[in-house]
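Examination of the molecular architecture
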Number of protein chains: 2
Amino acid sequence: MMMEHLNKFLNYLSDIYAISTEAKKEISDLTTIVHIKKNNNLQSIGQTCRTIYFVVEGIARINYFKEDKDVTEYFAFENDMIIRAESLFTGKQSHKAIQAISDTSFIAIPAALLFGLFEKHHEVERLFRKIVERSYVDTINRLESLQFHTAEERYQDLIKKSPEVVREIPLKYIASYLGITQVSLSRIRAAIS
Amino acid sequence: MMMEHLNKFLNYLSDIYAISTEAKKEISDLTTIVHIKKNNNLQSIGQTCRTIYFVVEGIARINYFKEDKDVTEYFAFENDMIIRAESLFTGKQSHKAIQAISDTSFIAIPAALLFGLFEKHHEVERLFRKIVERSYVDTINRLESLQFHTAEERYQDLIKKSPEVVREIPLKYIASYLGITQVSLSRIRAAIS
DNA sequence: CAATCTCTTTTACATTTGTTAAATAATCAG
DNA sequence: CTGATTATTTAACAAATGTAAAAGAGATTG
């Protein structure tokens, strides 16, 4: 485990909720680092998700197939958590994969071990609760955007909120993330420029 | 507080995560019951949400206005929690309201007091974490449905998963919940019958 | 029960988005 | 560098959804 990678993760955690040095140490002991090459999967479709990931470097996405079409559900950049929550929290198999969009380094934490820490360190459970709350709020906001904004509004919002997405991620992935086809996204891009 | 109402709520909690009698007692002490008449608001747009609700009886929804159009974000039936998470968890004002669709009885819990219990009763925080996790998973699943299913698929799914929605809720609310206009929903209904 | 109000459907037309295929541009491997 | 592969755009047409207005159905109230 490279120290600067781990520190990036610990800083991310501290910004959400400060925990004791002791707890940080025990969390650190659970981490391993995983390097995934561009376009390779970190996790495959069909597995039950039992691991929590954090992107130290690079870009990743959660994706699935809807009638042979590759749909991107979520993008994770440096300093983002990436969790297939619908599998981790239910114990059901995930029909989603985690894929590296560029060469990416992840910190991996076995969920069962992290959950084990909750018994001893109440504060770790609190930290994790806050992480889940944040992800939940992000998802609610995305739902609102998909529910009643036009595709063009959604694209403009994305440019504004995450310009790095449009700069660094293939448009084909962005299209399905926005809930439209690539052809439609091309048209929108042509119309607004 | 009517006893059977409180028991309904305590049973709901037990099904998610079993907690001690002591903790149950302390949660119970935080609850009040609120009756809201059909079409009236329990919470209005513009407030910061500081209360957690549970529907004991009746039907409620979370709604907001997008360019003068009334959009339903969420339906809550008997035995559902109803929380404006994007405000409660961020401290920001909510641009969403909670409205009773029929005469509805809610259990209300001041969030600050509940969060206060977390200090003394680790198990209460765990219970609440699990509630948030469930809501998060539900939202992820709805996101997936909005992202890449047709309006007709979304309507059919809703009938299958929640037939009571279509039976008991005005179609104008269902339309915006599905992300479409009422005219479009009428067409879909005509097409499939 | 009649009048009014609200909800739902229908119609006609405009707009957006999807589909398929082809053309162009960009990237990658040898 | 060059050919091959992959990504993006464009075009033409089909399908889905939106908009506005009106008609019909259902509920509510005096």
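Below: a short report on this structure. (Residues numbered from 1 in each chain as written. Chains lettered and ligands numbered in written order. Predicted model: local features only at pLDDT ≥ 70, side-chain atom pairs only at ≥ 80, totals over all residues. Heavy atoms only, no water.)

Residue and element names in this part refer to chain B. Reading across the sheet, the four strands line up as β1-β8-β3-β6 and stay open at both edges, with antiparallel pairing between neighbours. Strands at the two margins of the open sheet, each flanked by one partner only, are β1 (32-36) and β6 (81-82). Lying over the sheet, helix α1 (residues 3-16) contacts β1, β3 (51-57), β6 and β8 (104-110), oriented at roughly 110° with respect to β3. (Pairing = 2+ DSSP bridges. Helix = DSSP H or I, 4+ residues; strand = E, 2+ residues; numbered from the N terminus. Contact = heavy atoms within 4.5 Å. Axes fitted to C-alpha atoms, helices over the stretch in contact; angles between N-to-C directions.)

As a matter of local geometry, DNA strand C sits amid 18 residues, with R187(A), L171(B), K172(B), S186(B) and R189(B) nearest to it. Of all DNA strand C atoms lying within 4 Å of any protein atom, the proportion belonging to sugar or phosphate reaches 60%. Between S184(A) and DNA strand C, the recorded distance is 3.3 Å, taken from a side-chain N or O atom to a phosphate oxygen. Taking S186(B), its side chain carries an N or O atom lying 2.6 Å from a phosphate oxygen of DNA strand C. Counting only elements with at least two residues in the surface near DNA strand C, the list comes to α9 (182-192) of chain A together with α8 (171-177) and α9 (182-192) of chain B. The element contributing the most residues to the surface near DNA strand C is α9(B), with six residues. For the surface near DNA strand C, the residue count by class is seven nonpolar, five polar and six charged. (Near = heavy atom within 4 Å. Polar contact = N/O pair within 3.5 Å; in protein donor to acceptor, adjacent residues only side chain to side chain. Nonpolar A, V, L, I, M, F, W, Y, C, P; charged D, E, K, R; others polar.)

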